[in-house]
Amino acid sequence: AYSGVNRALRSSHMRESRSTSTPDDLSELGINQNILELHISEASLQEDVLGRDPSTFFTFDFFMHDTQATPVMASSRPQYNTLVQYVVDNDPFLLEYLDTHVLELELNRARGWDYDAVGVARISLRQVLEDLEVGAALGPSHAYHHADVLGADGRRVGRVRYGFTFRRPLDSLLREYKAQARTQRASGPDPRDPATTAVAMAMSDPSSASYIKTIITRCEQLTLPGGAGSPARPYVWYRLPGHRDAHTTRAEHGPNPLFSDEALWPISRTQALEANLRTRELEVVVFDDAGGEDPMRSIVGVAHVPLEALSQSIPLDGAFNLAHPLTKQPAGVVVLGLSWANPLSLGRATSGAAAAAAAA
């Protein structure tokens, strides 16, 4: 089933990834766990862009798992043949994640101990759900697809073949998720909103998507619900216009928490969107996780961030005042930034998997 693969890397967010020579062994899985397999099969690379037989490898991140990488291959038609098994929980959150997120396969060119990112293939994970609905992507047989690898200038540098499968059925969970999604769509983003349309365009054609990068740097001088000196676990919540999913930072400690939290939001950069951003604001909410389940008891404050700068391609950075939504009293500041971003130019820290592959 794996065209020569006789071992796999099994990745669980509960422990470090490990190699296994028995990819068909599911005995260690819990009753509510599953394995989502990703097989990076092969690629065809443009010699007029990358030269003849370049040394390349892919890196990729899925959900809360470690960054993974294929071996380095010196060929214009590299056979990566890399199988990664992600141990996941069978729950609606998993299907929501697949329905709304994109997997990025980043193509890197090795240069001795170093490497350069030269392209990225963006794969809508919704394709996995669509494959399941027609009876594919289940058991040992993968549902294979191809995706273009695009460089920073939008030029195609290659094409990659990949496949997904779930090792256990999800029929009942998928039916429940679809039924629940139908009842919740009414409370989702307004389909008439230009931002909603722009996000839908990006999700249906990830290769042409633009990205907005958000950075939640820190908060300062928070007025916490429990008062000065009380235990506090502040975190930040926000949702970009047009998106159904919100983003939440990790919870930190004290009235001056440092987050350094980054996120990328796919969205197609249309004229209608840019006109709409001139009058839009991003609502950023700070909560105190130590305040309990009641949101009004745990809320610290709300900041409203004008998005007009994005419509003019100007990065937005600054400190924005927080105010409690009921009392309107000042509650501190949140320091953040937003900008249009190309994922290849973000200068991400070298991951352990990428460094190991480049050095191989």
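Notes on the structure in this doc start here. Since the structure is predicted, the reported quantities are computational estimates derived from the model, not experimental observations.

Turning to the overall build of the protein, a few remarks are in order. Looking only at helices and strands, one finds nine helices and 19 strands in the protein. Scored against the burial criterion, the 360 residues of the protein give a buried share of 48%. In the structure as shown, the protein presents an accessible area of about 17400 Å², 48% of it carried by carbon and sulfur atoms.

On to unusual backbone geometry. In this model, Ala137 sits at a positive phi of 55 degrees, which is unusual for a non-glycine residue. Within the secondary structure, Ala137 is located in the loop between helix 3 (126-133) and strand 10 (143-150). A positive phi angle, close to 60 degrees, is found at Ser313, a residue other than glycine. Residue position: Ser313 is located in the loop between helix 8 (308-311) and strand 18 (316-323). For Ser313, a relative accessible area of 45% translates into the label partly exposed.

Positionally, Glu133 belongs in helix 3. The spatial distance from the C-alpha of Glu133 to the C-alpha of Asp171 is 8.5 Å, given a sequence separation of 38 residues. Residues contacting Glu133, with those up to four places away along its chain left out, are Leu174 and Lys178.

With that settled, the discussion passes to the packing of aromatic side chains. Scanning all chains against the criterion turns up seven aromatic pairs. Seen in terms of ring centroids, Phe62 and Tyr86 are 4.9 Å apart; in terms of plane orientation they differ by 45 degrees. Their pairing is tilted. Of this pair, Phe62 sits in the loop between strand 4 (55-60) and strand 5 (68-69) while Tyr86 sits in strand 7 (residues 82-89), and the two are 24 residues apart along the sequence. Like Tyr86, Phe62 is buried. Taking the centre distance of 5.6 Å and the plane angle of 90 degrees together, the rings of Phe62 and Tyr97 count as edge-to-face. Taken together, the residues Phe62 in the loop between strand 4 and strand 5 and Tyr97 in helix 2 (residues 92-100) connect sequence positions 35 residues apart. For the pair shown, Phe62 and Tyr97 are each scored as buried.

Parameters at a glance
Residues numbered from 1 in each chain as written. Predicted model: local features only at pLDDT ≥ 70, side-chain atom pairs only at ≥ 80, totals over all residues. Heavy atoms only, no water. Helix = DSSP H or I, 4+ residues; strand = E, 2+ residues; numbered from the N terminus. Buried < 20%, exposed > 50% of the residue type's maximum accessible area, 1.4 Å probe, protein only. Areas by Shrake-Rupley, 256 points an atom, 1.4 Å probe, with all protein chains shown as cover. Contact = heavy atoms within 4.5 Å. Phe/Tyr/Trp six-rings, centres within 6.5 Å; stacked < 30°, edge-to-face > 60°.

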